[in-house]
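# Structural characterization, general
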Amino acid sequence: MVFDKIKELIVEQLGVEEDAVTPEANIQDDLGADSLDVVDLIQTIEDEYDLSIPDEAVEEIKTVNDIVNYVEKNTDAE
């Protein structure tokens, strides 16, 4: 499941508790990521799923669910 893998990547990269990573969690407000953390996280997700997320899409990504939806829509992952 995409959410579980994204959650794992966020916990590993941001050092947050697993319980904090919910679909509704705002990456910056709730999980404490700064802009550099977001860039690193997007790069990790791009590498993990072998995709390229354009800057316009990154600007629209605010929550964990936004990432999951983008990955599901743009890859064969489920």
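Calculation notes
- For every chain, the first residue of the written sequence is number 1, and numbering continues from 1 along that sequence.
- Totals for whole chains, interfaces and linings use every residue, but because this is a predicted model, local features are given only for residues with pLDDT of at least 70 and side-chain atom pairs only at 80 or more, for both listing and counting.
- Side-chain numbers come from the whole structure's heavy atoms, not from hydrogens or water.
- Strands here mean DSSP runs of E at least two residues long; helices mean DSSP runs of H or I at least four residues long; both are numbered from the N terminus.
- One less than the residue count of a helix, multiplied by 1.5 Å, gives the span that helix is expected to have.
- For every residue, the accessible area obtained with a 1.4 Å probe (protein chains only) is divided by the maximum for its type, and the residue is called buried under 20%, exposed over 50%, and partly exposed between those limits.
- Think of the arc as the fan of directions from the helix axis to the C-beta atoms.
- In what follows, residue pairs with any heavy atoms lying within 4.5 Å of each other are defined as contacts.
- The patch calculation keeps residues exceeding 30% relative accessible area without a salt bridge and links them within 9 Å when they carry like charges or within 5 Å when they are nonpolar (Val, Leu, Ile, Met, Phe, Trp, Tyr).
- Accessibility throughout is a Shrake-Rupley quantity obtained with a 1.4 Å probe, and a residue counts as covered only by protein chains that appear here.
- The working definition used for a salt bridge is a side-chain nitrogen of Lys or Arg within 4 Å of a carboxyl oxygen of Asp or Glu.
- Charged residues are defined here as Lys and Arg on the positive side and Asp and Glu on the negative side; His and the ends of the chain fall outside this count.
- To locate a charge, take atom NZ for lysine, CZ for arginine, CG for aspartate or CD for glutamate.
- For helices, the axis comes from a line fit to the C-alpha atoms of the stretch in contact; other axes are also lines fit to C-alpha atoms, and the angle between any two N-to-C directions lies between 0 and 180 degrees.
- When an angle is under 35 degrees it counts as roughly parallel; over 145 it counts as roughly antiparallel; between 65 and 115 it counts as roughly perpendicular; any other value is oblique.
- In this scheme the crossing of two helices becomes right-handed for a clockwise turn of the near helix relative to the far one and left-handed for an anticlockwise turn of less than a right angle.

## Quick look at helix H2 (residues 35-49)
Between its terminal C-alpha atoms H2 stretches 21 Å, which fits the 21 Å expected from 15 residues at 1.5 Å a residue. The set of residues buried in H2 consists of Val38, Leu41, Ile42, Ile45, Glu46 and Tyr49. Taken around the axis of H2, the buried residues stretch over an arc of 140 degrees, which confines them to a single face. Every exposed residue of H2 that faces more than 90 degrees away from the buried side is listed here: Leu36, Val39 and Asp47. Packing partners of the buried residues in H2 comprise helix H1 (2-14), helix H3 (55-60) and helix H4 (64-74). Taken from the residues just after H2, Asp50 is the one with a positive phi, measuring 50 degrees.

## A closer look at a negative patch on the surface
Together, Asp55, Glu56, Glu59 and Glu60 make up a negatively charged patch on the protein surface. Tracing the sequence through the fold places Glu59 in helix H3.

## What about the packing of H1 against H2?
Packing of H1 against H2 leaves a shortest axis separation of 11 Å and a crossing angle of 135 degrees. Taken together, the axes of H1 and H2 are oblique relative to one another. Crossing geometry of H1 relative to H2 is assigned as right-handed. Residues Val2, Lys5, Ile6, Leu9, Ile10, Gln13 and Leu14 of H1 lie in contact with H2, whose contacting residues are Asp37, Asp40, Leu41, Thr44, Ile45, Glu48 and Tyr49.

## As for the environment of Asp29
With respect to the helices and strands, Asp29 occurs in the loop between H1 and H2. Expressed as a C-alpha distance, the spacing of Asp29 and Thr63, which sit 34 residues apart in the sequence, is 9.3 Å.

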